[in-house]
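Per-entry structural report
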Amino acid sequence: MTNELQFRDPALARSLAATLARLVDEIGRPVAVMHVCGSHEQAIARFGLRSLFPKALDVIMGPGCPVCVTDVPEVDEGVVLARQGVRIVTFGDMLRVPGTVQSLADAQASGANIEVIYSPRQAIEIARETDEEVVLFATGFETTAVATAAVILDNPPKNFSVLSAHKYIPPVMEIVAEMPGSRVEGFLAAGHAAAITGSAVFEPFVERHQVPVVVAGFEPMDILAGLVELLELIRNKTPRVANMFPRCVSAEGNIPAQKQLWRVFKPVGGKWRGIAHVPNGNLRLRDEFAHVDARKRFTIDLPSLWDYAPPALAGQCICGDIMAGIRNPRDCRLFNRECVPENPVGACMVSNEGTCKIWHLYGGVPDLEATA
Amino acid sequence: MCLGVPGRVISIHDYTAVVDFWGVRKDVRLDIVDEPVVPGDYILNHVGFAIRRIAPESVAETLELYEMLLRENAGGEDDLMALDVRAEIAGAS
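Position numbers for residues start from 1 in each chain and track the written sequence from start to end. Lettering for chains starts from A, numbering for ligands starts from 1, and both go in the order in which the items are written. Selection of residues for local features in this predicted model requires a pLDDT of at least 70, selection of side-chain atom pairs for listing and counting requires 80 or more, and totals for whole chains, interfaces and linings are taken over all residues.

A few words now on the overall build of chain A. Counting from the N terminus, the helices are the DSSP runs of H or I reaching at least four residues and the strands are the DSSP runs of E reaching at least two. For chain A, the helix and strand inventory stands at 15 helices and eleven strands. Radius of gyration here uses only the C-alpha atoms, and the compact-globule reference equals 2.2 Å multiplied by the residue count raised to the power 0.38. Over its C-alpha trace chain A gives a radius of gyration of 21 Å, about what one expects of a compact globule, namely 21 Å for 372 residues. Counting across all 372 residues of chain A, residues that qualify as buried make up 55%. Note on contacts: each residue gets a C-beta atom placed from the backbone, and two residues are in contact if those atoms are within 7 Å. Contacts in chain A between residues far apart in sequence, at least 24 positions, make up 76% of those at least 6 positions apart. Whether a residue is buried, exposed or partly exposed is read from the other C-beta atoms within 10 Å of its own C-beta, which are placed from the backbone; 20 or more gives buried, 12 or fewer gives exposed, and intermediate counts give partly exposed.

Put into structure tokens, the structure is as follows:
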């Protein structure tokens, strides 16, 4: 599949690839840029875009998978609640994410009541049909958090509450930019998350770090054009925010969605799995929504889990370095050996948006020369 | 999970729209859409909510990627992007 370079306009694709090569030549050194979106990585891998990139251009996937950065204690909270007899509903990607001792799938196998949903609205429907306590274990970036906010504001049933593991993307870009030894000279921001926040949300970041941010869509052409714009800004030493996805993203973003988001959630600091403590990176319910906050509503007895040792292989997992852009899945001794989607060691092999799962499924690095 | 999916609004009742996704009709909430929507408009659906009205001049360009994904992958489990698109359609109820 990765060799099928199917583009709407192959001539344009080649021309954009040639422009990328010329820009990297003009810059005169290897260049690394980072995107922060699982859907971007899926498109890059699916369409074999890396085979079009110049050798001296490294396009790294950063912490763009919300499930992957859900921290171990957050998974533990879901597992403990499930074991306490609460019905947990969550997105399918969450089930196999390792906790300290168990994943939600492990808890489910030992009898806990856990259901997969595709939308927070389905969580509400499930709660309406039962008297049992139903907890939405809510994950995702701002794109998904706005939907959780909307159901919270729409008079949910009394037996419904939310365990929020929602994350907010802009603060983690600060962390990555400030990592010692970071080679990242520019960022590709995700189109549909930026549809909520607007492209202007990145202005202070660019001001502080003097690196360009380009908002890009998900078509192969969108990504190539976004990279061309990003490299031009790097070459010209003119860091700014550029919106290359205006058919979906405006400068100010989706104002009604932002209003609901910030009415319900407040940004708080917290650890992202494998990355770091991210100031303002976690979205937690404001105090006035304590009645739907599972953390306030239940006593979550986490120490009850911690009598066990964590699985031995977990210590060898390099998910954190991969999401920080320091290493890639091929640098991991577990990748495609002990760690596969059916039996993942790290969170990056669990989610459909995880770098390792994407590389596993689409055949690793789609570098035509390397695979020839 | 970050990839929304476009659909055409058939009818609207209060804050709920009936939206057509390639022949599959689903309810999509309009609570957090960025601008007013009328029947005939295209919206971007994410987990059962419209998060963006798609400008009429951008509809054809927006649909192209999705139609290619759905055409080339009619139910397989090996294309994560196509899986994501189908999950987004399933997210509308």
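Let's shift gears to unusual backbone geometry. All names here are of chain B. In the Ramachandran plot, aspartate 14 falls in the positive-phi region, its phi being about 50° despite a non-glycine side chain. Here aspartate 14 lies in the loop between strand E1 (5–13) and strand E2 (16–21). According to the C-beta neighbour criterion, aspartate 14 is exposed, with 7 such atoms within 10 Å. Even without being glycine, tryptophan 22 reaches a positive phi, approximately 50°. Relative to the helices and strands, tryptophan 22 resides in the loop between E2 and strand E3 (24–29).

To continue, consider the sheet that holds strand E6 (residues 160–164) of chain A. Strand pairs in the sheet, formed through backbone hydrogen bonds, run parallel or antiparallel to each other. Residue and element names in this part refer to chain A. Strands qualify as paired when DSSP identifies two bridges or more between them. Reading across from one edge, E4-E3-E5-E6 is the order of the four strands in this open sheet, with parallel pairing throughout. Looking at strand neighbours, the two that pair on one side only are strand E4 (114–117) and E6, the edges of this open sheet. The mean inter-strand angle of the sheet, taken between neighbouring strand axes irrespective of direction, is 30°. In this structure, strand E3 (residues 87–91) lies alongside E4, joined through four bridges in parallel fashion. Directly across from phenylalanine 91, in E4, lies its bridge partner isoleucine 117. Axis definition: a line fitted to C-alpha atoms, over the contacting stretch in the case of helices. Angles run 0 to 180 degrees between N-to-C directions.

Across the boundary between the two partners, chain B contributes 32 residues, which contact 41 residues of chain A. Of all the secondary structure elements, the ones that give two or more residues to the side of chain B that touches chain A are strand E4 (42–46), strand E5 (49–54), helix H1 (59–72) and helix H2 (80–91) of chain B. Any residue that is not Ala, Val, Leu, Ile, Met, Phe, Trp, Tyr, Cys, Pro, Asp, Glu, Lys or Arg is counted as polar, Gly included; the first ten are nonpolar and the last four charged. Classifying every residue of the side of chain B that touches chain A gives 16 nonpolar, seven polar and nine charged.

Let us now look at the sheet that holds strand E8 (residues 213–216) of chain A. Residues and elements named next belong to chain A. As summarised here, the arrangement of the five strands in space is E2-E1-E7-E8-E9, forming an open sheet in which the pairing is parallel. Taken across any chain shown, the strands that pair with only one partner, and hence form the sheet edges, are strand E2 (57–61) and strand E9 (241–243). Direction aside, the axes of adjacent strands within the sheet are offset by 25° on average. When strand E1 (residues 31–35) meets strand E7 (residues 184–190), the two strands line up parallel, connected through three bridges. Paired with histidine 35 across the two strands is leucine 188, which belongs to E7.

On to the nonpolar core, then. Val146(A), Ala189(A), Ile43(B), Ala50(B) and Ile51(B) are the most contacted members of the largest nonpolar core, which totals 155 residues. For this core, the element with the highest residue contribution is helix H10 (residues 220–235) of chain A, accounting for eight residues. Excluding residues that lie within four positions of it along the chain, Ala50(B) makes contacts with Ala17(B), Val28(B), Arg29(B), Leu30(B), Val33(B), Val37(B), Ile43(B), Leu44(B) and Asn45(B). Any nonpolar core is a set of buried residues, restricted to Ala, Val, Leu, Ile, Met, Phe, Trp, Tyr and Cys, that join up through C-beta atoms within 7 Å.

Known as pLDDT, the predictor's confidence for each residue is given on a scale from 0 to 100. Mean pLDDT over chain A stands at 90; residues scoring 70 or higher make up 94%. The low-confidence segment residues 1–5 of chain A (pLDDT under 50) makes eleven contacts with residues lying over four places distant or belonging to another chain.

Mapped onto the secondary structure, Val19(B) falls in strand E2. In this structure the C-alpha to C-alpha distance between Val19(B) and Asp41(B), which are 22 residues apart in sequence, comes to 9.6 Å.

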